[in-house]
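Given next are the chains, with one letter for each unit.
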There are 4 protein chains.
Amino acid sequence: MPRSDEENSRIRELRRTSILDISVAVFAKKGLGATRIADIAEAGDMSQGLIYRYFNNKEEIYQAIIERIQSGTDQLAQQALQQAGTPLEKLRWLLEVYTAYVWQRPHFALLVEQALINEAMPEEMHAIAFKQVDMIVNTVHQLIIEGQKSHEIIEHDPGELTAMVLACLSGLNAGATYIPQMLKISGQPDVELIVRIIKA
Amino acid sequence: MPRSDEENSRIRELRRTSILDISVAVFAKKGLGATRIADIAEAGDMSQGLIYRYFNNKEEIYQAIIERIQSGTDQLAQQALQQAGTPLEKLRWLLEVYTAYVWQRPHFALLVEQALINEAMPEEMHAIAFKQVDMIVNTVHQLIIEGQKSHEIIEHDPGELTAMVLACLSGLNAGATYIPQMLKISGQPDVELIVRIIKA
Amino acid sequence: MPRSDEENSRIRELRRTSILDISVAVFAKKGLGATRIADIAEAGDMSQGLIYRYFNNKEEIYQAIIERIQSGTDQLAQQALQQAGTPLEKLRWLLEVYTAYVWQRPHFALLVEQALINEAMPEEMHAIAFKQVDMIVNTVHQLIIEGQKSHEIIEHDPGELTAMVLACLSGLNAGATYIPQMLKISGQPDVELIVRIIKA
Amino acid sequence: MPRSDEENSRIRELRRTSILDISVAVFAKKGLGATRIADIAEAGDMSQGLIYRYFNNKEEIYQAIIERIQSGTDQLAQQALQQAGTPLEKLRWLLEVYTAYVWQRPHFALLVEQALINEAMPEEMHAIAFKQVDMIVNTVHQLIIEGQKSHEIIEHDPGELTAMVLACLSGLNAGATYIPQMLKISGQPDVELIVRIIKA
DNA sequence: CATGAATGAGACTTCATTCAT
DNA sequence: CATGAATGAAGTCTCATTCAT
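Residues numbered from 1 in each chain as written. Chains lettered and ligands numbered in written order. Predicted model: local features only at pLDDT ≥ 70, side-chain atom pairs only at ≥ 80, totals over all residues. Heavy atoms only, no water.

The interface of chain B with chain A comprises 46 residues on the first partner and 45 residues on the second. Roughly 4000 Å² of surface becomes buried between chain B and chain A when both sides are summed, with 70% attributable to carbon and sulfur atoms. Applying the counting criterion to the chain B and chain A interface returns zero salt bridges. The interface formed by chain B and chain A contains seven residue pairs in polar contact (both at pLDDT 80 or more). Breaking the side of chain B that touches chain A down by element, the ones donating at least two residues are helix 1 (5–34), helix 6 (106–117), helix 7 (123–149), helix 8 (158–178) and helix 9 (191–198) of chain B. Of the residues forming the side of chain B that touches chain A, the biggest block, twelve residues, is contributed by helix 8 of chain B. (Contact = heavy atoms within 4.5 Å. Buried area = accessible area lost by both parts, 1.4 Å probe. Salt bridge = Lys/Arg side-chain N within 4 Å of Asp/Glu carboxyl O. Polar contact = N/O pair within 3.5 Å; in protein donor to acceptor, adjacent residues only side chain to side chain. Helix = DSSP H or I, 4+ residues; strand = E, 2+ residues; numbered from the N terminus.)

Pasting the structure below:
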């Protein structure tokens, strides 16, 4: 007697998710190019062939991951704008939540960064990643401009302030992932330090 | 008529340097794994075979680049400590020079970061890159501690301050390289903004 | 309530036949090597696993088809010899019936031809197909010799005449299957034209 | 000192030709689908990788072969029309030359037939092969119509006569290649037998 | 009886590296 | 010193076949 259809689609869904979860870790360690399908299969203790029943190739796996991350980023940016409080308070909220998010899943942001950076990535992946980063950049940029109007944030080229704040975030992320022991820190960094860059 | 020995070794030196210069750009775009020897040969308009007369394999090229960068970093760190002035002034000098350096050769720091990050890198490369970053980290860390003693720098876990300052630098670098147009900035960022993080 | 045994074996027989029927079309299009079990399953709207409950592997399906065709060929050859009339009349009858048969099931002869031709075929299949073709060749050959004795058929190397007649049949078959529109014909070809080759 | 450019391109040309020559035999035996690159490499006593320096994939090799054959076919058809003599004499010339050609290189026509038949072939290949066969079909068709006007050729649907003549050729070819011993013939078949089909 | 998820062997393809010239 | 044809070891991907349900 065959498995029921629901049973089958549940199994497929679980397997698909599991492949993505496993791949996040592997891609983060090696990057898209240096990751072999064999690595993912081994990490997930499954056959290589199985992976191809769910994804047509490596790139497709990577893309599925990026897309899954994206929805989270979109929400985050939107919620920040909808927070109660002054622009600076909204920005602080964004930094806080984003830092916490990244600190717990350091791999995610790195995969997006790779998608952005790596020239070997298919164009479509670039586009998805770009859109994602752009959303955060624009949100921060907008909040900084508003904060300057309300004199919470220093007078300075808002583009440069945005770049600096985001550089901190991204740099922290990279550092936290790869060289925590080198960075002489323990625990999630204090967002208030970043705020010092821009606070009036 | 055979070339003279000096002539030959001069040619060899030029060629070697040229291979390294070309490789920096190629590695920065694709990373070690995704870069093919053919890519380098093509970028330098030379045969693949020629490259093997100067380096035994791909990794050796990468390593030569990292080592070449290293000497610059070492000097920089040393010079910072030898600057006249207060600890904060020394730190400011370091940030200034380092930012300028990176701004003009954005690829260099990225290659070091890759060497640090990428698990596919041979262990030796990790070590070299680690040593390099460690030197900067330690220098900044030391200056921050000294600055706290002289009350130029805020009371705060010095490890965390170090992490934050370096995160800015590394994040700026990545951003500057890959997404300058996205970052709404033009020209080298203002180091004074980073100093705001730590200034008492 | 379990199905009765007869019911079961009836279902099995139907299914087996259906798999063979479907496979004929698929094999004819792609050949043994390029046909995937998945293709057959899809064409028959059944699962891949099911096919393996009836046949142990791809080759076995192919072989079952060839064997099924064989019995028809055997009968045809025998009946031709037993027809009333002169040798040429017997031959004409054979050509007529064979052409009609092929015209209606163009795939059959092609599968036999493939079995004969394709080096990737297992030896056993070669043997079966060879035996089949050989029977037709010998029958035609024999009738031609007899026809020459009765002066209905021209004096000429009987082997060559046989080859020519059969070449017509096989060529017509291939053409009819694949390029009918190219061949500018409509309807079953006129056997009398083939007879012209040999008629005294 | 590097090889001279001419030397290199001579080597490349030789190698390319050699790969094509070898592939003809292998493809003819197994067909496109069942032929592995490894088969060709082995038959030519070269590495698999080398083949990919000359052709991007199996299909490209096949196509190169078909195209090489095409030029020969084109010429043949044209020359037939330009022969001196009556339409039937032209046709006889065509059959003669074509039979001789095929008899000496039996694989060629088979590869074209495969390209026409096999559904797994890329569309482009179909087109090339179709064009080739179409040229011969049209030439024969035209000569038959002219021959009917001059009463050298029997009154009968010219399409059907064309089909029959070409069926003979193609059938002979297939037979000659695969089952010569079965066909009880020795030496090239007598074209005059085919002519009997159509001669008034 | 029937299904489709899963496996594993083997084919295709790429590329670092060698070597004759 | 320099070239590019050639190799061979991986890696990517496909598909016949198995097996739990």
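That was the structure; now back to the text.
As a further point, take the pattern of salt bridges. Pairs can form between side chains of opposite charge once their charged atoms are near each other. Under the criterion given, the structure shown has 18 salt bridges over all chains. For Asp21(A), the salt bridge identified is with Arg68(A), shortest N-O distance 2.8 Å. With Asp21(A) in helix 1 (residues 5–34) and Arg68(A) in helix 4 (residues 58–82), the pair connects residues that are 47 residues apart, well separated along the chain. For Arg68(A), a relative accessible area of 35% corresponds to the partly exposed category. A salt bridge links Asp39(C) to Arg36(C); the shortest N-O distance between them is 2.7 Å. Residues joined by salt bridges that share partners form a network here, namely Lys30(A), Arg36(A) and Asp39(A). (Buried < 20%, exposed > 50% of the residue type's maximum accessible area, 1.4 Å probe, protein only.)

Next up on the list: the confidence of the model for chain A. Confidence in the prediction of chain A, expressed as mean pLDDT, is 88, and 95% of residues score 70 or more. The lowest-confidence element of chain A is helix 6 (residues 106–117) of chain A, averaging 82 in pLDDT; the highest-confidence one is helix 3 (residues 48–54) of chain A, averaging 96. (pLDDT = per-residue confidence, 0-100.)

The next subject is the interface of chain C and chain D. Each side of the interface is counted separately: chain C has 45 residues, and chain D has 45 residues. Our enumeration of links across chain C and chain D arrives at zero salt bridges. Taken together, the links from chain C to chain D amount to seven residue pairs in polar contact (both at pLDDT 80 or more). For the side of chain C that touches chain D, the secondary-structure elements that each account for two or more residues are helix 1 (5–34), helix 6 (106–117), helix 7 (123–149), helix 8 (158–178) and helix 9 (191–198) of chain C. With twelve residues, the top contributor of residues to the side of chain C that touches chain D is helix 8 of chain C. Of the residues that constitute the side of chain C that touches chain D, the class distribution is 25 nonpolar, nine polar and eleven charged. (Nonpolar A, V, L, I, M, F, W, Y, C, P; charged D, E, K, R; others polar.)

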